[in-house]
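Each chain, letter by letter, is given below.
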Amino acid sequence: MQDGIFRLYYELSNQCGLLSFLILRTISMNPFAQRVRSRFFSTLLVLVTALAPMVNAGGDSEVEEAIEHYIKSLRAKGVIRRDERTAWLVHDFTTGKKLASINENTPLQAASMIKPYLALAFFHQVKAGRLIYGSTSRRHMELMIQKSNNTSTNWVMQQTGGPSATQVLLKRYYPDLCRNIRLVEYIPKNGRTYANRGSAEDYSRFLSALWQRRLPHSSEILRIMGLPGNDRLYTDARRVPAGTRVYNKTGSTAMCCGDMGILVARGRNGKSYPYIIVGIIESGHRNTSYGPWISRRADVIREVSNIVYMGMKRRHPL
C-alpha cells in the first residue's frame with residue numbers, strides 16, 4: 001500500500017498545490033493514518049481538491065512557502081540545528097519568475113561553489129588573448145569542476161593571478177554576478193576552505209548569464225558543469241525524473257553543504273523547461289563527524305529539489 005500512498009501524495013500535489021501536499025504527507029506519516037485504507041485517501045483527495053483554491057492562493061510564492069515549511073519542520077525535529085543557516089533560490093527560465101528567495105543575499109561559505117567563478121575568470125582572460133585554452137588547461141578545468149580537484153583549482157587560480165587578482169577581475173568585469181563574492185584564499189591542502197564566500201543570489205545571476213550565453217565560453221563552461229557526477233539536485237532526488245539534464249557545482253566542507261545548478265526538465269510536449277536551484281546549508285561550527293553531517297544535509301537539498309520539481313510540474317506540462 002505504501003507505493004500507492006506515495007503516488008497519491010504526488011497526485012494531490014498536482015491537484016492541490018505543494019502546501020496541501022506537505023500537510024497531507026505530514027498527516028499520513030502518522031502510524032494510524034498509514035493503516036487506513038485507500039478509501040480514506042480518496043475522500044481526502046476530493047475534500048482537498050475542493051479546498052485547493054483557498055489553500056493555494058499564494059500563486060508563485062507556493063514553492064517558497066513549501067520550502068520554508070519543510071525547513072521549519074526539520075528545525076523543530078532538530079535535524080537542522082539552531083546554529084545552522086540556510087539559503088534557497090529557485091528561478092524558472094520559462095516564465096522568468098523567481099519561485100523562491102530565502103536568505104538569497106546572505107553571504108555564506110562558498111566552498112567549491114566558487115569554482116565556476118574561477119572558470120569564468122580564466123575564460124575571460126582567454127577571450128582577452130592573455131591565456132590559451134589548450135589540453136593542459138582543459139584537463140585542469142574538468143578536474144576542478146567535475147571532480148572538484150583542489151590542486152587543479154589552485155592551478156586555474158594561479159593562471160589568473162591568485163585569489164586577490166582574480167577577485168579584482170571578477171568584480172571589475174562582472175559586478176552584477178559578484179555582489180557578495182569574497183575570494184581571498186587558495187584551497188588549502190587539507191581542503192578546509194572556509195574564507196571564500198558567496199550568496200545564493202550571486203550563484204543564480206551567474207547561472208542565468210551562463211544559460212543565456214552571456215559569459216565568455218559559456219558553452220564550454222556548461223559542458224564541463226554537465227559532465228557526469230554525483231550531485232544534490234538530481235542524483236537520488238526521487239521525484240526528479242530520469243533523464244533530466246543537470247549543470248551544477250556542489251560545495252562541501254565540514255561547515256558548508258551546498259549545490260548550485262540548472263535542471264532542464266523534459267515536457268510531455270517535447271519542450272524543455274530549465275530552472276535554477278541554489279541550496280546552501282552553513283553550520284555555525286566545524287563538524288567533526290563530517291560524513292554523516294554532509295550526507296544528511298545533502299539529503300535535505302535533494303528533498304528541496306523534489307519540492308521544486310513538483311512546483312514546476314504544476315506550472316508546466318512535465
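Because the structure is predicted, anything quoted here is derived from the model rather than measured. (Residues numbered from 1 in each chain as written. Predicted model: local features only at pLDDT ≥ 70, side-chain atom pairs only at ≥ 80, totals over all residues. Heavy atoms only, no water.)

Consider a sheet: its strands pair through backbone hydrogen bonds, and that pairing is either parallel or antiparallel. With antiparallel pairing, the 5 strands of this open sheet are ordered in space as β2-β1-β7-β6-β5. Each of the sheet's edge strands pairs with one partner strand only, and the pair in question is β2 (97-102) and β5 (245-252). Strand-to-strand twist in this sheet, taken as the mean axis angle between neighbours without regard to direction, amounts to 5°. Where strand β1 (residues 85-92) lies against strand β7 (residues 272-282), 8 bridges are found, and the strand directions are antiparallel. (Pairing = 2+ DSSP bridges. Helix = DSSP H or I, 4+ residues; strand = E, 2+ residues; numbered from the N terminus. Axes fitted to C-alpha atoms, helices over the stretch in contact; angles between N-to-C directions.)

Think of two packed helices as two axes; the pair is described by the angle between the axes and how far apart they sit. Interaxial distance between helix α6 (residues 115-127) and helix α8 (residues 150-159) falls to 9 Å at its minimum, and their mutual angle equals 35°. In the packing of α6 onto α8, the handedness of the crossing is left-handed. For the pair formed by α6 and α8, the contact residues are Lys115, Leu118 and Phe122 on the first element and Asn150, Thr153, Trp155, Val156, Met157 and Gln159 on the second. (Left-handed = near helix turned anticlockwise from the far one by under 90°. Contact = heavy atoms within 4.5 Å.)

This part is about the confidence of the model for the protein chain. Reading predicted coordinates in detail is not appropriate for stretches of low pLDDT. Overall, the predicted model of the protein chain reaches an average pLDDT of 88, with 81% of residues at or above 70. Segment residues 1-11 is flagged for pLDDT under 50; beyond a separation of four residues in sequence, or across chains, it makes 18 contacts in the model. (pLDDT = per-residue confidence, 0-100.)

On the secondary structure map, threonine 244 appears in the loop between α11 (218-225) and β5. Among the polar contacts listed, one links the side chain of threonine 244 to the backbone oxygen of proline 241, at a separation of 2.8 Å. Aside from chain neighbours lying at most four places away, what touches threonine 244 is Tyr234, Leu263, Val264 and Ala265. (Polar contact = N/O pair within 3.5 Å; in protein donor to acceptor, adjacent residues only side chain to side chain.)

Let us now look at the pairing of β2. The pairing of β1 with β2 spans 5 bridges and is antiparallel. Residue pairing in the sheet places leucine 89 in a bridge with serine 101 of β2. The hairpin formed by β1 and β2 contains 4 residues between the paired strands, and glycine 96 there has a positive phi angle of roughly 75°.

Next up on the list: the environment of leucine 74. Checked against the element boundaries, leucine 74 lands in helix α5 (residues 62-77). Taking the C-alpha atoms as reference points, leucine 74 and valine 300, 226 residues apart in sequence, are found 8.9 Å from one another. Apart from the residues lying within four places of it in its own chain, the contact partners of leucine 74 are Val79, Ile80 and Val300.

Here we take up α11. The buried fraction of α11 is high, at 6 of 8 residues. Of all the positions in α11, only Ser218, Glu220, Ile221, Leu222, Ile224 and Met225 are classed as buried. Where α11 is buried, its residues meet α6, α7 (135-146), α10 (200-211), β5 and β6 (256-266). (Buried < 20%, exposed > 50% of the residue type's maximum accessible area, 1.4 Å probe, protein only.)

Evaluated as defined, the whole model comprises 8 aromatic pairs. Here tryptophan 211 and tyrosine 247 contribute two aromatic rings whose centre-to-centre distance is 5.8 Å and whose plane-to-plane angle is 55°, an arrangement assigned as tilted. Residue tryptophan 211 is located in helix α10, and its partner tyrosine 247 is located in strand β5; the two are separated by 36 residues in the primary sequence. No difference in accessibility class separates tryptophan 211 from tyrosine 247, as the two residues are buried. Grouped by ring-pair contacts, the aromatic residues Phe122, Phe123, Tyr133 and Trp155 constitute a single cluster. Note that arginine 213 overlies the ring of tryptophan 211, its terminal NZ or CZ placed 5.6 Å from the centroid. (Phe/Tyr/Trp six-rings, centres within 6.5 Å; stacked < 30°, edge-to-face > 60°. Lys NZ or Arg CZ within 6 Å of the ring centre and 35° of its normal.)

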